[in-house]
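# Fold and geometry: a report
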Amino acid sequence: MAEKHFSEEEEEELIAQLKDDSQGPGKINTSNGNAASFVLDVIAGICIVNEKEEVIVQRFGEYKKTITSPGLHWCFPNQLQISHVSTKLNTLDLKNIKIIDSIGNPINVSAIVVYKVVNSKKAFFNVEDYDDFVQNQSQTVIRQVVSKYPYETDDDSPNLKKENKEIQIELRNVLQEKVAIAGIYIKSVMLNELSYAVEIAAAMLKKQQAKAIVDAREIILNGTIGLAVGAVEAVESHGITMNDNQKAQLVSNILTVSLSDKEAQPTVQL
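Going by an unreviewed UniProt entry, the protein chain carries the name Band 7 domain-containing protein and comes from Anaeromyces robustus.

As structure tokens, this is what we get:
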């Protein structure tokens with residue numbers, strides 16, 4: 001079953017769902033209703049919010065609000081906890097993950113994950129450290145998905161070496177589901193480096209070389225047969241009659257010269 005590839009509208013809907021605050025701490029007004037809290041909210045200091053970041057505001061350990069717009073904001077400084085959360089795109093470089101592919105070959109995989117926080121409240125409260133959370137979930141998902149596919153195939157079926165688009169989409173979608181609780185949006189997951197593990201690398205290299213030699217010889221053979229047939233037809237087109245033995249000898253000579261691993265050696269009669 002092919003994985004779904006999100007359209008731009010679906011991407012926007014996904015981000016809107018991630019920004020929904022129905023999970024995690026509920027949205028709390030700046031004043032909890034009593035006079036003392038109201039006074040604290042009125043007597044305020046300055047909080048600076050930079051571009052591409054959001055600020056979590058807590059007082060006495062209690063969540064008060066999330067400031068999402070950049071600039072100067074009024075915040076009462078007493079017992080105030082200000083936490084800055086970046087909403088910029090982050091790049092996670094996962095290296096040397098050892099995985100067994102679908103046909104039992106051990107392989108080393110590295111990947112690049114691009115993500116960002118779209119709901120800072122979920123990222124701050126729902127997990128201990130959202131960067132570590134994304135890293136751990138990414139490693140788990142890559143092991144889970146990559147192990148379903150072979151390193152390479154002889155046909156156009158999905159394989160890791162060609163990094164079929166289907167695999168990229170599946171990696172991204174599965175990881176997105178895992179990190180949604182932290183308000184994280186996964187932009188892309190792409191395999192970066194891919195190789196056989198060192199214990200089988202030499203054997204697989206020999207296999208690839210042998211296959212390349214066989215494929216090359218097959219191409220040469222098909223071409224040589226066409227050349228030999230063309231040579232016989234060309235000779236006869238000039239009015240030169242050849243019997244079956246002579247034709248066979250001509251074809252044999254052409255095949256020998258074309259398929260030999262060594263260059264043809266001229267012979268000189270003494």
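Positive phi values are uncommon outside glycine, yet K52 reaches one of about 60°. You will see that F60, though not glycine, has its phi angle at about 55°, which is positive. For F60, the position within the fold is in the loop between β2 (53–59) and β3 (62–67).

A separate point is the packing of aromatic side chains. This structure, assessed with the given rule, holds two aromatic pairs. Geometrically, the ring pair formed by Y63 and F125 is edge-to-face, given 5.5 Å between the ring centres and 85° between the ring planes. Of the two residues, Y63 sits in strand β3 while F125 sits in helix α3 (residues 120–125), which places them 62 residues apart along the sequence. What makes Y63 buried here is its relative accessible area of 6%.

Bringing the nonpolar core into the picture now. The biggest cluster of nonpolar side chains holds 36 residues, and the ones touching the most others in it are I107, V113, I142, V146, L171, I184 and I186. Elements supplying a minimum of two residues to this core: β6 (90–100), β7 (106–117), α4 (130–146), α5 (165–179) and β8 (184–196). The element contributing the most residues to this core is α4, with seven residues. Counting contributing residues per domain, this core is built from domain 1 (41–86) and domain 2 (89–198), each supplying no fewer than three. With residues up to four places along the chain from it excluded, the contact list for L171 reads V141, I142, V145, V189 and L191. In terms of nonpolar packing, the next biggest core, distinct from the first, is built from six residues, C47, V49, V57 and C75 among them.

Turning next to the confidence of the model for the protein chain. For the protein chain, the mean per-residue pLDDT works out to 79, and 75% of the residues sit at or above 70. Here helix α2 (residues 35–42) stands out as the least confident element of the protein chain, with mean pLDDT 50; α4 is the most confident, with 95. Confidence over residues 23–34 falls short of pLDDT 50; this stretch has 25 contacts with residues more than four positions distant or in other chains.

Our focus in this paragraph is a negative patch on the surface. A cluster of acidic residues, E128, D129, D131 and D132, forms a negative patch on the protein surface. Here D129 falls in the partly exposed class, since its relative accessible area comes to 36%.

Under the defined criterion, the tally for this structure stands at four salt bridges. Between R172 and E11 there is a salt bridge, with its nearest N and O atoms 2.7 Å apart. Taken together, the residues span a long stretch of sequence, with R172 in helix α5 and E11 in helix α1 (residues 8–19) at a distance of 161 residues. The partner of E170 in a salt bridge is K148, with the nearest N and O atoms 2.4 Å apart. Pair noted here: E170 is in helix α5 and K148 is in the loop between α4 and α5, with a separation of 22 residues, a long-range link.

In contact at an axis separation of 9 Å, α4 and α5 are set at 140° when each is read in the N-to-C sense. Comparing the axis directions of α4 and α5 gives the class oblique. Of the two elements, α4 crosses α5, and the hand of that crossing is right-handed. Contacts from F133, V134, Q137, S138, V141, I142, Q144 and V145 of α4 reach α5 at E170, L171, V174, L175, K178 and V179. Of the residues assigned to the contact of α4 with α5, the class counts are nine nonpolar, three polar and two charged.

Let us now look at a nonpolar patch on the surface. Together, I46, I48, L72 and W74 make up an exposed nonpolar region whose accessible area comes to about 510 Å². The set of elements that each furnish at least two residues to the nonpolar patch consists of β1 (45–49) and β4 (71–75). Residue position: I48 is located in strand β1.

Rules used throughout
Residues numbered from 1 in each chain as written. Predicted model: local features only at pLDDT ≥ 70, side-chain atom pairs only at ≥ 80, totals over all residues. Heavy atoms only, no water. Helix = DSSP H or I, 4+ residues; strand = E, 2+ residues; numbered from the N terminus. Phe/Tyr/Trp six-rings, centres within 6.5 Å; stacked < 30°, edge-to-face > 60°. Buried < 20%, exposed > 50% of the residue type's maximum accessible area, 1.4 Å probe, protein only. Core = buried A, V, L, I, M, F, W, Y, C linked by side-chain atoms within 4.5 Å. Domains from an automatic or database assignment. Contact = heavy atoms within 4.5 Å. pLDDT = per-residue confidence, 0-100. Patch = residues over 30% accessible without salt bridge, like charges linked within 9 Å, V, L, I, M, F, W, Y side chains within 5 Å. Areas by Shrake-Rupley, 256 points an atom, 1.4 Å probe, with all protein chains shown as cover. Salt bridge = Lys/Arg side-chain N within 4 Å of Asp/Glu carboxyl O. Lys, Arg positive; Asp, Glu negative; His and termini not counted. Charge placed at Lys NZ, Arg CZ, Asp CG, Glu CD. Axes fitted to C-alpha atoms, helices over the stretch in contact; angles between N-to-C directions. Parallel < 35°, antiparallel > 145°, perpendicular 65-115°, else oblique. Left-handed = near helix turned anticlockwise from the far one by under 90°. Nonpolar A, V, L, I, M, F, W, Y, C, P; charged D, E, K, R; others polar.

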